[in-house]
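# Structural overview for review
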Amino acid sequence: MRIAYLDCFAGISGDMFLGALIDAGVPTEVLEQAVASLDLGASLSVERVDRSGISCTRVRVLERGLPAEPGEPLAGHDHPHDHAHPHGPADPHDHAHTHGNSHPHSHPHSHDTQSPNGHSVEPGPRHVHGRTLSVIRGLIQGSSLARPVQLRAVQAFELLAASESRIHNVGLEDIHFHEVGAVDAIVDIVACCAGIEALEVDAWYCSALNVGSGTVLCAHGTFPVPAPATADLLRGFPTYAAHVEKELVTPTGAALLRVLGPVFGAQPGMKVERIGYGAGTRNPKGFPNALRLSVGEAAEVYAAAPVPSQSASQSRSNQATISVLETALDDLSPQILSWVAELVLAAGALDVMLTPVIMKKGRPGTLLTVLCLPDQSERLEQLLLRQTSTLGVRVRQEQRLALERHHTPVTTVYGEIRIKVGEQAGEELNAAPEFEDCRAAAERCRVPLKFVQQAAIAAYTQRICPTPEPGHPGRAGDADPAGAGEGTGL
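Within any chain, residue numbers begin from 1 and follow the written order of that chain's sequence. Where totals are concerned, whole chains, interfaces and linings use all residues; where local detail is concerned, this predicted model gives features only for residues with pLDDT of at least 70, and gives and counts side-chain atom pairs only at 80 or more. The basis for every side-chain value is the complete set of heavy atoms in the structure, and neither hydrogens nor water enter the calculation.

### As for the side chain of Ser294
Where helices and strands are cited, they refer to DSSP runs of H or I of at least four residues and of E of at least two residues respectively, numbered from the N terminus. For Ser294, the location among the structural elements is in strand 17 (residues 290–298). Burial status follows relative accessibility: with a 1.4 Å probe on protein chains alone, a residue under 20% of its type maximum counts as buried, one over 50% as exposed, and anything between as partly exposed. A relative accessible area of 5% means that Ser294 is categorised as buried. Any two residues whose heavy atoms approach within 4.5 Å at even a single point are treated as in contact. With residues near it in sequence (within four places) discarded, Ser294 still touches Ile3, Ala4, Tyr5, Gln267, Met270, Val272, Arg274 and Ile275.

Printed below as a string of structure tokens:
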């Protein structure tokens, strides 16, 4: 099972997450395509920077070629060291404001401030018209982003809006996002969701969160770190404050974590394959302002016991305990059922199934089955109870034997296609072209999807089993080409 671990020793923000995703192997092109699909005139600037001696990837959002966030330096002008400013306010980047009688619309940016990652911001208002939740939702859903990416991005903004609604006691649609609704924040969230999808991990894990300390300037005054929206989004998450008096977790970073729903704690047993470091803007001396992302395969830990044989040990090496959630529904719209299935997958479920069944009194219904990791069970149970009409959910644990999986690219006339390969004890048992790659290629080349799939399978087959040249006797173990070998039984 493929897993990812976020080490938030310096907190987390949208741009740090983007840098870590790229550094861990997500192609920059994937994120750039996601940004372009929003049609906001935005782009990404990616560079290598130093953070306390650690080489990291730094991502900046550009709006028509200029830094989208006020006070951001141009690429190549990263400050070598930025000494922490005790008790200095952080820039209200990512914080939303509200329209309404209780909280008038305002831009509290007339003071010299610092961005969440430490650079000074020029005085004066940030001229961004507040976008409502419905406007941002329409922007995302009207794009060409893949459905899972849309779901995660919309959910992140819905979580942000819900937090602001609770804090200010106003309706969701009365929330007008300013910094969070600005181009850089929208791009951060959408591009991160595209990177999360491209990383193709089955489960997320996360360390406790260093939220920093000091104060932060918000629309309605100066508050202690974490800011109100961040504090609300971090409810139930393990947090601490250490090292610097700065805001280290932004509302954008907190919302993305809430969407991921990671398991918190020490790094689980895993065979790490890739490590990525995403840099924050600030570079305080002696404090590596970076987010570390480790990606690899889960390593199951078993109690010491006599191993009967190598083959038996290998055959069980990918066995794991999973939770199975089930509920039968006979009074819910198929449209909602489809929506719930997408929500469950976006929330981290391993799989979801909708099976037609006949229920009591001869009523046709649907059996909704969700497979997930045990640590995610409670969160997904609550999602089913909240989003469906069920009065209860059955939960049980089962053992799952999963093949080891990895991707290998092949080149076809339609472009590069990834092949998902399933192996056991080093023996390849299954291989199939990645559907989303094939669909994108089919749309790009304007050919039937089946042609792309067939070309990918042919390219992979040719790689692992090349056609013998004329006159070649064939590989060892191949059948007699002439069909004249002895003992054929024909």
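Still more ground to cover, so stick around.
### Re the nonpolar core
Put simply, buried Ala, Val, Leu, Ile, Met, Phe, Trp, Tyr and Cys residues joined by side-chain atoms within 4.5 Å make one nonpolar core. Core analysis: the biggest nonpolar cluster contains 61 residues, and Leu6, Phe17, Trp204 and Leu293 have the highest contact counts within it. By residue number, the principal contributor to this core is helix 5 (residues 183–199), which donates 11 residues. Every residue in contact with Leu293, bar those within four places of it in the chain, is listed here: Ala4, Tyr5, Leu6, Ala20, Leu21, Ala24, Leu199, Trp204, Arg274, Ile275 and Gly276. Of all hydrophobic cores here, the second largest spans 19 residues; its members include Val340, Val352, Leu380 and Leu384.

### Quick notes on the packing of helix 4 (residues 147–168) against helix 5
Geometry is summarised by axes, namely lines fitted to C-alpha atoms with helices restricted to the contacting stretch, and by angles between N-to-C directions that run from 0 to 180 degrees. The contact between helix 4 and helix 5 brings their axes to 9 Å, and the two run at 135°. Considering the angle they form, helix 4 stands oblique to helix 5. Helix 5 is crossed by helix 4, and the crossing has right-handed handedness. Residue-level contacts link Pro148, Val149, Arg152, Ala153, Ala156, Phe157 and Leu160 of helix 4 to Ile186, Ile189, Val190, Cys193, Ala194, Ile196 and Glu197 of helix 5. Three classes are used: nonpolar for Ala, Val, Leu, Ile, Met, Phe, Trp, Tyr, Cys and Pro, charged for Asp, Glu, Lys and Arg, and polar for all others, with Gly counted as polar. Each residue belonging to the contact of helix 4 with helix 5 can be placed in one class, and the counts come to 12 nonpolar, no polar and two charged. Oblique is the label for every angle not falling under 35 degrees (roughly parallel), over 145 degrees (roughly antiparallel), or within 65 to 115 degrees (roughly perpendicular). Crossing handedness is defined as follows: a turn of the near helix away from the far one that is anticlockwise and smaller than a right angle gives a left-handed crossing, while the clockwise case is right-handed.

### Some remarks on the packing of helix 1 (residues 14–23) against helix 5
For the pair helix 1 and helix 5, the least separation of the axes is 9 Å and the interaxial angle reads 30°. Considering the angle they form, helix 1 stands roughly parallel to helix 5. Crossing of helix 1 over helix 5 shows left-handed handedness. Facing Gly14, Asp15, Phe17, Leu18 and Leu21 of helix 1, the residues of helix 5 in contact are Asp188, Ala191, Cys192, Gly195, Ile196 and Leu199. A per-class count over the contact of helix 1 with helix 5 returns seven nonpolar, two polar and two charged.

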